[in-house]
Amino acid sequence: MSPSLLRIATRKSALALWQAEHVASLLRAAHPGLRVELVPLTTRGDEILDQPLATIGGKGLFLKELEVAMLEGRADLAVHSLKDVPTELEAGFSLPAILPRADAADAFVSNHYSDVMALPHGARVGTSSLRRQAQLRAARPDLELLDLRGNVGTRLKKLDDGLYDAIILACAGLERLGLHDRIRSRLGAPTWLPAPGQAAIAIEARADQTEVLETLAVLDDAETRLAVTAERAMNQALGGSCTVPVGAWCTVTERGLHLRGMVGDVSSGRLLSAEAEGTSDDAVKLGNEVAQALFAQGAATLLGR
Ligand SMILES: NCc1[nH]cc(CCC(=O)O)c1CC(=O)O
């Protein structure tokens, strides 16, 4: 029997709530008569705001409480930014739908400067992402890189308060929040790579809830799933999580998949990159191939392994 009510576990940040509401309206449109409600929850990742994510460690910092709600029957699904979802999902859960991807580029955001190259010598740039820090360091060894955590609104407020000359955010998040006009320039492939899975929204549910999974699967976008499967396979082969300087970007055409990967080093600004093409029937193999090419260039040293 298909469910008559679906409860969506979500974080309480403006971005998370937007994404959950977005999924709720897509579900209502796809299944007339279906009731959909939000269950807003606080996660550990939201509570610890004084430390860079890379230091706190622990995969799935933003997922745990939402998964517990599903296990305890307080929610039927959870909505996540795919880039916050660990490559290895918790046992007993699956991702029945990955939505069509938005703009996966990063955004250069500043009140005074138009892009990274226009920043004055020694300018202060805020981002806690090691991937963003490594790519900034590579382009501009002189910059002062400063930690910056919190949700999108908090980060913009700190920029506006003058704590930074510029910050780096995801274009997708800014667009979803109606903040497109804060984007001074796009940082995109091939010169700048996003996080694996960036700009894709993932729906998570319990693997044993067959009817729920079927109800959610109608929202899945096959092309986005292929691309992010390759990116996440590469990340996994590199032993990556969201706490290592790894970037990935896969495009899908009728000719097949094209994956580009990057591993960086924050202190030296050294970047390794590799790319390969593959067929759409083996996205995982393509991801492994690019990871191997990066290892052949010495990625293990940069990743501290
Ligand atoms: N780590 C926070 C986070 N998780 C997903 C996004 C952006 C939206 C997306 O990638 O789907 C953001 C904000 C940011 O990086 O600026």
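Okay, so let's go over this structure. Counting from 1, residues in each chain are numbered in the order their sequence is written. Residues qualify for local features only when their pLDDT is at least 70, as the model is predicted, and side-chain atom pairs are given and counted only at 80 or more; totals for whole chains, interfaces and linings, by contrast, use all residues. By convention in this description, side-chain values take in all heavy atoms of the structure and omit both hydrogens and water.

**Regarding the sheet that holds strand E10 (residues 201–206)**
How we decide: For two strands to be treated as a pair, DSSP must find at least two bridges joining them. Helix numbering and strand numbering both begin at the N terminus, where a helix is a DSSP run of H or I of at least 4 residues and a strand a DSSP run of E of at least 2. Axis definition: a line fitted to C-alpha atoms, limited for helices to the stretch in contact. Angles are taken between N-to-C directions and run from 0 to 180 degrees.
Here five strands make up an open sheet; going across it, the order is E2-E1-E3-E10-E4 and the pairing mixed. Unpaired on one side and paired on the other, strand E2 (35–41) and strand E4 (93–98) mark the two borders of the sheet. Sheet twist, expressed as the average angle between the axes of neighbouring strands with direction ignored, equals 30 degrees. One ladder, built from five bridges, connects strand E3 (residues 77–81) with E10; its direction is antiparallel.

**A word on the site of the ligand**
Spelled out, the test is: The criterion for a residue being near a molecule or strand is simple. One of its heavy atoms has to lie within 4 Å of it. Throughout this description, a polar contact denotes any pair of N or O atoms lying within 3.5 Å of each other; where both atoms belong to protein, one of them has to be capable of donating a hydrogen while the other can accept it, and for residues adjacent in sequence the pair is counted only when both atoms sit in side chains. The accessible surface values rely on the Shrake-Rupley method and a 1.4 Å probe; as for residues, cover is taken only from the protein chains in view. In the scheme used here, Gly and all other residues not listed as nonpolar or charged are polar, with Ala, Val, Leu, Ile, Met, Phe, Trp, Tyr, Cys and Pro taken as nonpolar and Asp, Glu, Lys and Arg as charged.
Taken together, Leu15, Ser81, Lys83, Asp84, Arg132, Leu169, Ala170, Gly173, Arg176, Gln198, Ala199 and Ala200 form the complete shell of residues around the ligand. With respect to the ligand, the side chain of Asp84 contributes an N or O atom lying 3.0 Å from a nitrogen atom. In the environment of the ligand, an oxygen atom lies 3.1 Å from a nitrogen or oxygen atom belonging to the side chain of Arg132. For the ligand, whose free accessible area comes to 400 Å², the fraction covered by protein is 92%. Classifying every residue of the shell around the ligand by side-chain character gives five nonpolar, three polar and four charged.

**Brief notes about the sheet that holds strand E8 (residues 166–170)**
Inclusion rule: Throughout, a residue-residue contact means that at least one pair of heavy atoms, one from each residue, lies within 4.5 Å.
Pairing is mixed in the open sheet, where five strands are placed in the order E7-E6-E8-E5-E9. Strands with a single pairing partner mark the edges of an open sheet, and in this sheet they are strand E7 (144–146) and strand E9 (185–187). Neighbour to neighbour, the strand axes of the sheet diverge by 30 degrees on average, direction disregarded. Here strand E6 (residues 124–126) runs beside E7; their pairing, made up of three bridges, is parallel. Its bridge partner lying in E7, Gly126 is registered against Leu146. Sitting on the sheet, helix H5 (residues 130–139) is in contact with strand E5 (106–109), E6, E7 and E8, with an inclination near 130 degrees to E8.

**Side note on the pattern of salt bridges**
Condition: We count a salt bridge whenever a side-chain nitrogen from Lys or Arg sits within 4 Å of a carboxyl oxygen from Asp or Glu. Remark: exposure states derive from per-residue accessible area (1.4 Å probe, protein chains only) relative to the maximum for the residue type, with buried under 20%, exposed over 50%, and partly exposed in between.
For the structure on display, the rule yields 15 salt bridges. Among the ionic pairs, Arg74 bridges to Glu72, the shortest N-O distance being 2.8 Å. Residue classification places Arg74 among the partly exposed positions, given a relative accessible area of 36%. The exposure class of Glu72 is exposed, given its relative accessible area of 54%. In this structure, the salt-bridge partner of Arg101 is Glu231, at a minimum N-O distance of 2.8 Å. Separated by 130 residues along the polypeptide, Arg101 in the loop between E4 and E5 and Glu231 in helix H9 (residues 222–237) bring together distant segments of the chain. The two residues Arg101 and Glu231 agree in class, both being buried. Among the charged side chains, a network of salt bridges with common partners joins Asp106, Arg131 and Arg132.

**Thoughts on the nonpolar core**
Which entries qualify depends on this criterion: For this analysis, a nonpolar core means a set of buried residues of the types Ala, Val, Leu, Ile, Met, Phe, Trp, Tyr and Cys, connected via side-chain atoms within 4.5 Å.
By size, the foremost hydrophobic cluster in this structure holds 22 residues, and its most contacted members are Met234, Leu238, Leu259, Val263 and Leu294. Sorting elements by how many residues they give to this core places helix H10 (residues 283–296) first, with five residues.

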